[in-house]
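# Remarks on the overall topology
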Amino acid sequence: MNVLGIETSCDETAAAVVRDGVEVLSSIVSSQHDIHTKFGGVVPELASRAHCENMLPVVDGALRAASLTPDAIDAIAVGHRPGLIGSLLVGVAAAKALAWSLGKPLIGVDHVHAHLYAGLLSDAKHAAASDADVFPAVGLVVSGGHTSIYGLSSWLDPKRLGATIDDALGEAYDKVATILGLPYPGGPNLDRLAQTPGADERVADLPISRLSPTSLDFSFSGLKTAMLYEVRGVPDHPAHHRPESRYVPPPPLTDERRRDLAATFQRAATKTITLKLERALSQMRDAGTKPVSLLTGGGVTANSRLRRELEGFAAASDLRLFLPELKYCVDNAAMIAGLAYHHYLAGRVSDLSLEPVPTTAC
Ligand code: KG4
Ligand code: ZN
């Protein structure tokens, strides 16, 4: 079964064809980075307009790359939640128009749930992982907009167990990269710098947020502020003007210190993730669920250190790890088409009343 997927939730216009939920026949992603970079963030109205312009060439490109004509497509899938409402509208309208005009089923899926599916995609023809290989599963999505842990017993109803109460991990990476004076795109550049041989990953004492002893939520704002203080200091604090103050301003931000701070931040950020995964796993086990896999996705799963930590955690916890290939970590439409296949098999098909929704289902 060939599913054409469409993804427009933020600033990437993407289309892909996936066969039987696993084999990616084509995946085209048209990035709008050049449009938004000069504003320092995504401008929603510009994103919607760019999606309108890019949609047809991207869908056409995906069909051509898969060497398929539209009648060889069996269903049209679209990420219809969550995201920027104007951006989602363009994708949903395009998917409805294609489904109606081709007479094919329409399937709406949740973008964040689709990130959990990305580790099952493959460019080569290979057997799909059976449900017994995957479920029950612990899920982790770490992206620019989301940082959440899930418990899954099937592809249909991931249950969110915890989420960030402030910044998403990718957002924290991008903001800290700006504090360190690194160029756009922040997350990947910080990752690269942190990997410099000789970097000291303990140059500062940064907070690893635990929240309450059982919480599966995340918080990255304290870590981000601690990094700001490591770079700029807090010279204006009234307490530092008292004679007894022992305030020592931070050392200058040399290349060496920038490198060390990047490595130190990366260590704290990734430790926070594995700490919460350990908690989630032990809480699930205590509740009588025995997860067999760890499903991961989102832009920050491209991070070199997080990938290593996740491999170590999964091996030590006896979980089969589904870690996406780098190109499927960030937003793409193959993950939408792949997840939609399972919705289709379960009879979860949408109709033309499908609406874009800016918030996630759970
Ligand atoms: O999944 P994604 O493309 O978009 C959302 O759905 O949010 O994730 C983008 C985020 C950005 O914040 C980017 O800085 C981060 O993923 N990112 C990384 C790396 N590659 C992308 N963060 C840390 N290390 C990386 N290697
Ligand atoms: Zn995403």
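Residues numbered from 1 in each chain as written. Chains lettered and ligands numbered in written order. Predicted model: local features only at pLDDT ≥ 70, side-chain atom pairs only at ≥ 80, totals over all residues. Heavy atoms only, no water.

Moving on, we come to the overall build of the chain. When its secondary structure is counted, the chain shows eleven helices and ten strands. Its C-alpha radius of gyration of 22 Å places the chain within 12% of the 21 Å reference for a compact globule of 362 residues. The principal-axis extent of the C-alpha atoms belonging to the chain is close to 80 × 50 × 35 Å. Counting the 362 residues in the chain, one finds 51% classified as buried. For the chain, long-range pairs separated by at least 24 residues make up 74% of all intrachain contacts whose partners lie at least 6 apart in sequence. Distance from the positive charge centre (33 side chains) to the negative charge centre (40 side chains) of the chain: 4 Å. (Helix = DSSP H or I, 4+ residues; strand = E, 2+ residues; numbered from the N terminus. Rg over C-alpha atoms; globule rule 2.2 N^0.38 Å. Buried < 20%, exposed > 50% of the residue type's maximum accessible area, 1.4 Å probe, protein only. Contact = heavy atoms within 4.5 Å. Lys, Arg positive; Asp, Glu negative; His and termini not counted. Charge placed at Lys NZ, Arg CZ, Asp CG, Glu CD.)

The subject of this paragraph is the site of ligand 1. The environment of ligand 1 is made up of 19 residues, and the closest members are Gly-144, Asp-174, Asp-191, Gly-299 and Asn-303. Here a nitrogen atom of ligand 1 sits 3.0 Å away from a polar atom, N or O, in the side chain of Asp-191. Interatomic distance of 2.9 Å between a backbone N/O atom of Gly-299 and an oxygen atom of ligand 1. Taking a 2 Å distance to the grid points as the criterion, the majority of the atoms of ligand 1 fall inside the largest pocket. Contributing elements (two or more residues each) for the shell around ligand 1: helix H4 (111-117), helix H6 (169-179) and helix H7 (186-194). Taken together, the residues of the shell around ligand 1 sort by class into six nonpolar, ten polar and three charged. (Near = heavy atom within 4 Å. Polar contact = N/O pair within 3.5 Å; in protein donor to acceptor, adjacent residues only side chain to side chain. 1 Å grid on protein atoms, 1.4 Å probe; cavity = no way out; pocket = protein on both sides within 12 Å on 5 of 7 lines; lining within 4 Å. Sits in = over half its atoms within 2 Å of the grid points. Nonpolar A, V, L, I, M, F, W, Y, C, P; charged D, E, K, R; others polar.)

This part is about the layout of surface pockets. In this structure, the largest pocket occupies an estimated 1500 Å³ of space. In terms of lining residues, the largest pocket is bounded by 44 residues, among which Asp-11, Ser-143, Gly-144, Gly-145 and Asp-174 are the most central. Across the lining of the largest pocket, the residue classes tally to 15 nonpolar, 20 polar and nine charged. Shared between two domains, the lining of the largest pocket takes at least three residues from each, and those domains are domain 1 (2-122 + 327-345) and domain 2 (132-241 + 254-324). (Points joined across faces, edges and corners; volume = space filled by probe spheres on them. Domains from an automatic or database assignment.)

For the rest of this paragraph, the subject is the coordination of the zinc ion (ligand 2). When a metal holds four donors in a tetrahedron, each ideal angle between them is 109.5 degrees; when it holds six in an octahedron, the ideal angles are 90 or 180 degrees. Summarising the metal site, the zinc ion (ligand 2) is bound by the protein donors His-111 (NE2), His-115 (NE2) and Asp-331 (OD), whose distances to it range over 2.0 to 2.1 Å. Given four donor atoms and angles of 95 to 135° at the metal, the environment of the zinc ion (ligand 2) is assigned as irregular. In the primary structure, the donors to the zinc ion (ligand 2) are separated according to the pattern H-x3-H-x215-D. In this pair, His-111 is assigned in helix H4 and Asp-331 in the loop between strand S10 (320-322) and helix H11 (334-345), connecting sequence segments 220 residues apart. When its relative accessible area of 5% is taken as the criterion, His-111 is described as buried. (Donors = N, O, S within 2.8 Å, 3.2 Å for Na, K, Ca; no water. Tetrahedral: all angles 85-135°; square planar, octahedral: opposite > 155°, others 65-115°.)

Counting 42 residues, the largest nonpolar core has Leu-180, Leu-190, Phe-265, Ile-273 and Leu-277 as its most contacted members. At the level of secondary structure, the elements contributing two or more residues to this core comprise strand S6 (137-142), H6, H7, helix H8 (221-232), helix H9 (255-286) and helix H10 (304-316). Top element by residues in this core is H9. It accounts for eleven residues. Within the second largest apolar cluster, 33 residues are counted, among which are Ala-16, Phe-135, Tyr-150 and Leu-152. (Core = buried A, V, L, I, M, F, W, Y, C linked by side-chain atoms within 4.5 Å.)

All right, on to the packing of aromatic side chains then. One pass over the full model with this rule turns up four aromatic pairs. When the ring of Tyr-173 is compared with that of Phe-265, the centres are 5.0 Å apart and the planes differ by 80°; the resulting orientation is edge-to-face. Here Tyr-173 is found in helix H6, whereas its partner Phe-265 is found in helix H9, with 92 residues between them in sequence. A single burial state applies to Tyr-173 and to Phe-265, both of which are buried. An angle of 10° between the planes, with centres 6.0 Å apart, marks the rings of Phe-218 and Phe-220 as stacked. The exposure class of Phe-218 is buried, given its relative accessible area of 1%. A connected cluster of aromatic rings, assembled from ring pairs, spans Tyr-117, Phe-135 and Trp-155. (Phe/Tyr/Trp six-rings, centres within 6.5 Å; stacked < 30°, edge-to-face > 60°.)

In sheet architecture, strand pairing relies on hydrogen bonds along the backbone and comes in two forms, parallel and antiparallel. Read across the sheet, five strands follow the order S3-S2-S1-S4-S5 without closing on themselves; strand pairing throughout is mixed. The outermost strands of the open sheet, each flanked by one partner alone, are strand S3 (23-31) and strand S5 (106-110). Averaged over all neighbouring strand pairs, the angle between strand axes comes to 20°, with direction disregarded. Across eight bridges, the pairing between strand S2 (residues 12-19) and S3 is antiparallel. When the bridges of S3 are listed, Ala-15 appears paired with Ile-28. Along the sheet, helix H3 (residues 85-102) makes contact with strand S1 (2-7), strand S4 (75-81) and S5, crossing S4 at roughly 160°. Against the sheet, H11 engages S1, S2, S3, S4 and S5, with an angle of about 115° to S5. (Pairing = 2+ DSSP bridges. Axes fitted to C-alpha atoms, helices over the stretch in contact; angles between N-to-C directions.)

With that out of the way, let us pick up the sheet that holds strand S9 (residues 293-297). As summarised here, the arrangement of the five strands in space is S8-S7-S6-S9-S10, forming an open sheet in which the pairing is mixed. Both edges of this open sheet fall to strand S8 (159-163) and S10, since each of them pairs with a single strand only. The average angle at which neighbouring strand axes cross in this sheet is 20°, direction not considered. One ladder, built from six bridges, connects S6 with strand S7 (residues 147-152); its direction is antiparallel. Counterpart to Val-142 in the pairing with S7 is Thr-147.

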